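# Residue-level structure breakdown
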Amino acid sequence: MDLEREIELIKRASADMQDEQDIVAFLDHGTIVSMLVERLARELGEPEEFCQELKVAGMLHDIGKLRVASNIYGRGADSLHVSRMRYVRMHPMLGIDILREAGNYSEELISYIANHHENYDGTGYPNHLEGEEIPYGARILRICDSFAALVSNRSYRAAFSVDAAVDMMIHDVRNFDMRIFLAFLSVVHSDGFGEVERVIARARRHTQFERRKSETT
Ligand SMILES: [Fe+2]
């Protein structure tokens, strides 16, 4: 299954995004998370249907950010950190609205996306769920999303290496479901991980290339 329908939905929802670079980065991040969650679900021995549903959820998990894009991306972004963070924290719930309006996503998939920032120890958002109160698919997304963010360039820091990202996640392991996290480490150390690393490398080149381009204009 490809993700054409999801990419189309993201492009339609991203009308507020001024900067092409932000859309490319959004799609790159979704692609990396999508590849990781599918592999992780398979490593956990889940049925194929669930693996495919998570693959879709991985691509769409941040879609709620697009509804407040003008407040969190680009030059129009709110310069006050606290204010910007308030908008960022709205995105799991805003994702519910977009996906219900789209009409072809299950309530299970929507619950994974609504809860992808919940931490296993109860310190996440938006509902401060804890442990197994957090939907299983959301716990899988949380781990893959954290890793994908760490290994990618951000406007305020360069990407971390895979090893450094894993070390940082071990340090913050209370955020994660330990059984899923151990399976995630197996995915990272598996032979097939090279394919994911190639997509991570391509995403880094996009951000470097765009940054150089904007420096010269
Ligand atoms: Fe997110």
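Our subject is the structure listed above.
Attention here is on the structure that accompanies the text. (Residues numbered from 1 in each chain as written. Predicted model: local features only at pLDDT ≥ 70, side-chain atom pairs only at ≥ 80, totals over all residues.)

## A word on the overall build of the protein chain
Of regular secondary structure, the protein chain possesses 11 helices and zero strands. Against the globule reference of 17 Å for 217 residues, the protein chain gives a C-alpha radius of gyration of 17 Å, in line with a compact fold. C-alpha extents for the protein chain along the principal axes are approximately 50 × 35 × 35 Å. Out of the 217 residues belonging to the protein chain, those deemed buried represent 37%. (Helix = DSSP H or I, 4+ residues; strand = E, 2+ residues; numbered from the N terminus. Rg over C-alpha atoms; globule rule 2.2 N^0.38 Å. Buried ≥ 20, exposed ≤ 12 C-beta atoms within 10 Å, placed from the backbone.)

## Brief notes about the nonpolar core
Formed by 48 residues in total, the largest nonpolar core has its most connected members in Ile32, Leu36, Val37, Leu40, Ala57, Ile140 and Cys144. Sorting elements by how many residues they give to this core places helix 2 (residues 20-43) first, with nine residues. When near neighbours in sequence (up to four residues on either side) are disregarded, cysteine 144 contacts Val33, Leu36, Val37, Leu40 and Gly58. (Core = buried A, V, L, I, M, F, W, Y, C linked by C-beta atoms within 7 Å. Contact = placed C-beta atoms within 7 Å.)

## A short note on the environment of phenylalanine 160
Of note, phenylalanine 160 is situated in the loop between helix 8 (136-150) and helix 9 (162-171). Along the backbone, phenylalanine 160 and alanine 149 are 11 residues apart, and their C-alpha atoms lie at a distance of 9.1 Å. The contacts of phenylalanine 160, once residues within four sequence positions are left out, are Leu150, Val151, Ala165 and Met168.

## Digging into the environment of aspartate 121
Structurally, the position occupied by aspartate 121 is in the loop between helix 7 (107-114) and helix 8. With 56 residues separating them along the chain, aspartate 121 and aspartate 177 place their C-alpha atoms 8.9 Å apart.

## A closer look at the environment of glutamine 208
By the secondary structure assignment, glutamine 208 is in helix 11 (residues 193-216). On the neighbour-count criterion, glutamine 208 (13 C-beta atoms within 10 Å) is partly exposed. As a C-alpha pair, glutamine 208 and isoleucine 110 span 98 residues in sequence and 33 Å in three-dimensional space.

## Some details on the packing of helix 8 against helix 9
At a closest axis distance of 9 Å, the pairing of helix 8 and helix 9 adopts a crossing angle of 135 degrees. On the basis of the axis angle, helix 8 is oblique to helix 9. Seen from above, helix 8 lies across helix 9 with right-handed handedness. On helix 9, the residues that touch Ser146, Phe147 and Leu150 of helix 8 are Ala165, Met168 and Met169. Grouping the amino acids of the contact of helix 8 with helix 9 by side-chain chemistry returns five nonpolar, one polar and no charged. (Axes fitted to C-alpha atoms, helices over the stretch in contact; angles between N-to-C directions. Parallel < 35°, antiparallel > 145°, perpendicular 65-115°, else oblique. Left-handed = near helix turned anticlockwise from the far one by under 90°. Nonpolar A, V, L, I, M, F, W, Y, C, P; charged D, E, K, R; others polar.)

## Some words on the packing of helix 3 (residues 48-60) against helix 7
Remark: helix 3 packs on helix 7, axes separated minimally by 10 Å, with the N-to-C direction vectors making an angle of 45 degrees. When the interaxial angle is binned, helix 3 and helix 7 end up oblique. For the pair helix 3 and helix 7, the crossing hand works out as right-handed. Residues Glu53, Val56, Ala57 and Leu60 of helix 3 pack against Leu109, Tyr112 and Ile113 of helix 7. Tallied by class, residues from the contact of helix 3 with helix 7 come to six nonpolar, no polar and one charged.

## So, unusual backbone geometry
Following tyrosine 125, the chain continues into proline 126 via a peptide bond in cis, with omega recorded as 10 degrees. Tracing the chain through its elements places proline 126 in the loop between helix 7 and helix 8. In this structure, histidine 128 is a non-glycine residue whose phi angle is positive, near 50 degrees. Within the element layout of this structure, histidine 128 appears in the loop between helix 7 and helix 8.

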